[in-house]
Amino acid sequence: MDSAEAYGDLAELAIKTLSKSGVEYGEARLCIEKAQMLSVSTGEIEPASIIRRGGIGIRTLVKCSLGFASTNILRGNAVKEAALKSVKLAKASSHTIKAPISLSTEEIREGKWRTKVTEDPSNVPVEDKITLIRDLDRIAFDEGCPKRVLSISESMESSLLLTTEGIKISGETVRVSFTGLLTAMGNSGSAQRIIQKGETSGWESIAHWKLPDLIMGEAKSLKEVAECTTSPPVGLTDLILGPEVVGIICHEACGHPQEADRILGREAAQAGESYVTPEMLGFKIGSDVVTIIDDPTLERGFGSYLFDDEGVRAHPKTLIKDGRINEFLHNRETASLFGCRSNASARAMGYDREPIIRMSNTYMRPGEHTFEELIEEVKDGVFIRSFMEWNIDDRRWNQRYVGLEAFRIIKGEIMERIRNPVLEITTGNLFGSVDAASRELEFEAAICGKGDPMQGAPVWHGGPTIRLRRVKLTRR
Amino acid sequence: MTPISLEDMGRLMRRLSRKWRIDEGCLSIVESWNRMIRFCNDSITASKFWRQITLALYFVKENRRATAILETHEINRIEEIIGRLTSTMKFMEASPVEFHLPKGPFQYGAVGDMFDERILVDEDRLIDWVEAGINSSKEGGAERSSGVLTTSRFRRYLYTTEGCEGSEEATRLEFSVRAFSDKNASGEENFSSSSLKGFDPNAVGMEAGSIAHKSRDKTKIKGGSFNAILHPNVVANLMESVGESCSAYSVDIGFSFFSDKMRERVSSPMFTLRDNPRFPGSPGSHLFDDEGCPTREVTLIDEGVLRSYLHSSYTAAKLGGSLTGSAYIATPTGTIPIAQSLIIDPGDYTLEEMIQEVREGILVTNNWYTRFQNYLTGDFSTIPRDGTFKIENGEVSGSIEGLRISDNMLRILSSIAGITGQRKWVRRWDAETPTLSPYILVKDLNFTTI
């Protein structure tokens, strides 16, 4: 069988080699990933694709210095060589370390977990999958999208983690995802949309997403965006943001700046640092309405897991509670520095990457209002349902979201579409301006990039619809 | 899988072709050794090594295409996966596009400085380079610095059913230092090359520290249009999107701002852009692409006029065009044309002349997070980071913050008003396509602020 456990003797060999070398800590993480993709591009089937990756990553702590080595040659001599290499690397830099590295003490446990799957994607007939993406392509074309790329993929990742402390965790993660790139043409030129769906689940998610209805709605709406020539209002205005926009805000303006490694400067050379400092726990950053949670245990979440890649059992983390910074995302290294326990935020994207702090499923807690109630109380404002362009500075303070599907609100009613409204705002102003949230909770899937070499982590982000009072809006 | 030989690959390819009745195919194997040292706040945080052998296969059967990217040395497993793909292909319609992989054999020649054994030093030497960068950043004026040093060695082998066989060996060194002078004042400098020629870790650290020091005491300005000088780091970041838009695949799917613009003016006449994996010292050097086509210099934009897209055998047949030696195996696209080594022709300016000519404007030394509202029109924004400076009375003056470039890529290309003769290779975390970048002067670049 092609799974990590089938190579378990190699992980044990790595741990034995590390133990004999006298390391303070050692871990071996075997990972086998298999993915299959089918895609259609403007009426034509793209190549059928399979990816199969597999190998072992070995991390050691020697004299307060971290070494990491990996290989995809799954043979005894290559694995032993990698184990010794990780020790050598850690030792080589140990005499230069100015900030000694240590790991928090965590429960030593053995565990086994796998994704709950109702319909195994590999059992679904290929012809059904091809028929599905062909149908979606036809729907998008009929609704006015002359260019489109639609893809479905399924993946299975099996992993086995052993540490010199005695942790032994094995897992099997099944994911399905859908991506759509649509282009519509109209009176105002073109409009483009990227749609991403993803769940840690079996093929049943495909039915759950109601993809034909989704694509019909998205394509129709995009065509209307391409026809729209009405400029948005500029200046201070009330603003309603849909769950898709709220989700990306939670991810970019809360999740990333509250990663403890970023707070400590670990990512400074690439993804940057953070406006948050270690002393800011309890700091009021938003209104009482703002509570943001990162929860790896959500059923079907694209970023879900039961144990992180350091073997710590996952649980929800409340990052901002009633507007106050409440908790950072930690792995064992940052937890040790902060004098706390890891909250299971270490993820490694493949055998050849070391575990670093990542988000999982990050969302804003829903409120008490209906969507209609949020709109009713806006005399003159804007509703942004979705976005294309966004970015944020590398301290996670100055951010921008450019609306794609956006509407004017007049006297509590949604009126005509408007083109490209721009929200450029600080994190403090954004979270401080939220005065109400709706009852619903929706998620979008994404691949979050971080680390060097780059690690793309599947995540969910989401939230309710929210209302912001008197924020500055501009236009493209 | 090890040791690899072209004979082994030929045997594997023939076996797969026979067993699964493949019409045409290419098999690429890359063996790599990578070393990386990461540091932050002047201290090494991780020392890493990864070794990989990756097999990539692209094949065509009855005009249906399939791709596999595999990390396994077990022949039975490879055969089983190819069998699954051929079963899937039975349910796919044949492509209406008649295309064929290039017929070999070809002579691939050599590229200067593609492999430099001096890069493959031991751990202690790498640590010396890192410490030199850290210490020099302090001499430049930094309080602390972070960064990454990476050395890599690649061996790449190719075998195609159409008679192409080749192998190449390359090295790469990348060093970046991001220095901080206070919490908000930072500067980055980097070095990227296939050889050790010209590598001076002290100079990298010193320049990063110097930019960080100068970027203290930031002030805010109002947004608007400014004549702006873009540092090679920024140019490389923007050229990544330009390179992607030159890919015929992007054109085909409607994600290129060069769609329907062949032989049209797309930039200022002073701008010429090429993709040349044969440029000596390029960190993106290759002798051949994954279809077996020899790499060559491709002029993408010639004095402002769009002259060529980058093609694979499939896009060349579909859109009309000739092979450019740019096709690399990827999922789910089969082979995809990708720029490997972008070169901007040098201009006549020195940086000093450019600054004097601008008189009043902005100098941007680095940026990140480039995102598009519309890839077809080129509407985008990106965020300056590290040192961003006012230019006043023809001199670089105070440090500024809180800016965002919000503009259109075609408008920026058309507004290029100056290019320096001085260029440097940039390949970094947020600019992955190696680019030989000058400083570029853009007229009336739009900046927004909060």
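Peer 1: Explain the overall build of chain A to me, please; I cannot follow it from the model alone.
Peer 2: Looking only at helices and strands, chain A has 10 helices and 25 strands in total. Its C-alpha atoms give chain A a radius of gyration of 24 Å, within 12% of the compact-globule value 23 Å for 476 residues. With the C-alpha coordinates of chain A rotated into their principal frame, the extents come out at 75 × 55 × 35 Å. Here chain A holds 476 residues, and the buried ones make up 61% of them. When contacts within chain A are restricted to residue pairs at least 6 apart in sequence, those whose partners lie at least 24 apart make up 76%.

Peer 1: Can you walk me through the packing of helix α1 (residues 8-20) of chain A against helix α2 (residues 76-94) of chain A in this structure?
Peer 2: Angle between the axes and distance between the axes are the two parameters that describe a pair of packed helices. All names here are of chain A. For the pair α1 and α2, the least separation of the axes is 9 Å and the interaxial angle reads 35 degrees. Here α1 and α2 pass one another in a crossing that is right-handed. On the side of α1, the interface is formed by Leu-10, Leu-13, Ala-14, Thr-17 and Leu-18, while α2 contributes Gly-76, Val-79, Lys-80, Ala-83, Leu-84 and Val-87. Along the lines of polarity and charge, the residues of the contact of α1 with α2 split into eight nonpolar, two polar and one charged.

Peer 1: Looking at this structure, how should I read the pairing of strand β16 (residues 380-384) of chain A?
Peer 2: For a regular strand, the rule is simple: side chains alternate between the two faces of the sheet. All names here are of chain A. Of all five residues making up β16, four are buried, and the element is well covered by its neighbours. Here strand β9 (residues 235-241) runs beside β16; their pairing, made up of four bridges, is parallel. Along β16, the bridge assignment pairs Ile-240 with Phe-383. Pairing between β16 and strand β19 (residues 406-410): five bridges, direction antiparallel. Pairing of Val-382 across the sheet is with Arg-408, part of β19.

Peer 1: Quick question: what am I supposed to make of the domain arrangement of chain B here?
Peer 2: Accessible area lost upon the coming together of the parts is a frequently used measure of interface size. All names here are of chain B. Domain boundaries assigned for chain B yield domain 1 (124-151 + 172-214) and domain 2 (219-449). Placing the centre of domain 1 and that of domain 2 at their C-alpha centroids yields a distance of 24 Å. Counting from both sides, the interface comprises 16 residues of domain 1 and, opposite them, 16 residues of domain 2. Contributing elements (two or more residues each) for the side of domain 1 that touches domain 2: β5 (165-182), β6 (185-193) and α4 (201-214). For the side of domain 1 that touches domain 2, the element with the most residues is β6, which contributes seven residues.

Peer 1: Just to check I follow, could you spell out the domain arrangement of chain A for this structure?
Peer 2: All names here are of chain A. If you check the domain split of chain A, you get domain 1 (4-227) and domain 2 (235-475). Of note, the centres of domain 1 and domain 2, computed from C-alpha atoms alone, are 22 Å apart. Counting residues at the interface gives 41 residues for domain 1 and 30 residues for domain 2. Elements supplying a minimum of two residues to the side of domain 1 that touches domain 2: β1 (25-41), β3 (48-62), β4 (65-71), β5 (110-114), β6 (147-163), β7 (168-186), β8 (189-200) and α5 (211-227). Among the residues forming the side of domain 1 that touches domain 2, the class breakdown is 11 nonpolar, 19 polar and 11 charged.

Cut-offs applied
- Residues numbered from 1 in each chain as written.
- Chains lettered and ligands numbered in written order.
- Predicted model: local features only at pLDDT ≥ 70, side-chain atom pairs only at ≥ 80, totals over all residues.
- Helix = DSSP H or I, 4+ residues; strand = E, 2+ residues; numbered from the N terminus.
- Rg over C-alpha atoms; globule rule 2.2 N^0.38 Å.
- Buried ≥ 20, exposed ≤ 12 C-beta atoms within 10 Å, placed from the backbone.
- Contact = placed C-beta atoms within 7 Å.
- Axes fitted to C-alpha atoms, helices over the stretch in contact; angles between N-to-C directions.
- Left-handed = near helix turned anticlockwise from the far one by under 90°.
- Nonpolar A, V, L, I, M, F, W, Y, C, P; charged D, E, K, R; others polar.
- Pairing = 2+ DSSP bridges.
- Domains from an automatic or database assignment.

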